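# Summary of structural features
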Amino acid sequence: MKSSFSNGSGNNCIRLMAIEGGVAVGDSKRPDLAPLRYTRPGLSAFVAAVNSGEFDRLTSG
């Protein structure tokens, strides 16, 4: 599935893959690199933190 936030070229995305015991996150530009592996609760906690604005200070100028 392609994200609605993608630039359309398909090469600036991350890949989320269901794996046994969790989720793997890979770089679409570097499929040769091993994906990072997370437990479902760990990834859910990260997404909740992003949604709550916990990391906004890292992206603001």
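Quick caveat, the model's predicted, so the values are computed rather than measured. (Residues numbered from 1 in each chain as written. Predicted model: local features only at pLDDT ≥ 70, side-chain atom pairs only at ≥ 80, totals over all residues. Heavy atoms only, no water.)

### Structural notes on a nonpolar patch on the surface
There is a patch of nonpolar side chains on the surface, built from Phe 46, Val 47 and Val 50 and spanning about 250 Å² of accessible area. Position of Val 50 among the secondary structure elements: in helix H1 (residues 40–51). Overall, the relative accessible area of 40% leaves Val 50 in the partly exposed class. (Patch = residues over 30% accessible without salt bridge, like charges linked within 9 Å, V, L, I, M, F, W, Y side chains within 5 Å. Areas by Shrake-Rupley, 256 points an atom, 1.4 Å probe, with all protein chains shown as cover. Salt bridge = Lys/Arg side-chain N within 4 Å of Asp/Glu carboxyl O. Helix = DSSP H or I, 4+ residues; strand = E, 2+ residues; numbered from the N terminus. Buried < 20%, exposed > 50% of the residue type's maximum accessible area, 1.4 Å probe, protein only.)

### Looking at the packing of aromatic side chains
All told, the structure shown has one aromatic pair when counted by the stated rule. Ring plane angle 35° and centroid distance 5.6 Å describe the contact between Phe 46 and Phe 55, whose orientation is recorded as tilted. Judged by its relative accessible area of 45%, Phe 46 is partly exposed. Here Phe 55 falls in the partly exposed class, since its relative accessible area comes to 29%. (Phe/Tyr/Trp six-rings, centres within 6.5 Å; stacked < 30°, edge-to-face > 60°.)

### So, the environment of Gly 21
With respect to the helices, strands and loops of the structure, Gly 21 is situated in the loop between strand E1 (14–19) and strand E2 (22–27). Among the residues examined, Gly 21 registers a relative accessible area of 60% and is labelled exposed. Note: C-alpha distance between Gly 21 and Thr 39 (18 residues apart in sequence) is 6.2 Å. Ignoring anything within four residues of it in the chain, the contact list for Gly 21 reads Tyr 38, Thr 39 and Arg 40. (Contact = heavy atoms within 4.5 Å.)

### Thoughts on the confidence of the model for the chain
Averaged over every residue, the pLDDT of the chain is 85; the share at 70 or more is 80%. Here E1 is the element of the chain with the lowest mean pLDDT, 89, and strand E3 (residues 36–38) is the one with the highest, 95. (pLDDT = per-residue confidence, 0-100.)

### Quick word on the sheet that holds E3
The three strands lie next to each other as E1-E2-E3, forming an open sheet whose pairing is antiparallel. Only two strands of the sheet have a single partner each, and these edge strands are E1 and E3. For this sheet, the mean angle separating the axes of adjacent strands, direction not counted, is 25°. Bridge count between E2 and E3: three bridges; the pairing is antiparallel. Pairing of Val 25 across the sheet is with Leu 36, part of E3. Along the sheet, H1 makes contact with E1, E2 and E3, crossing E2 at roughly 60°. (Pairing = 2+ DSSP bridges. Axes fitted to C-alpha atoms, helices over the stretch in contact; angles between N-to-C directions.)

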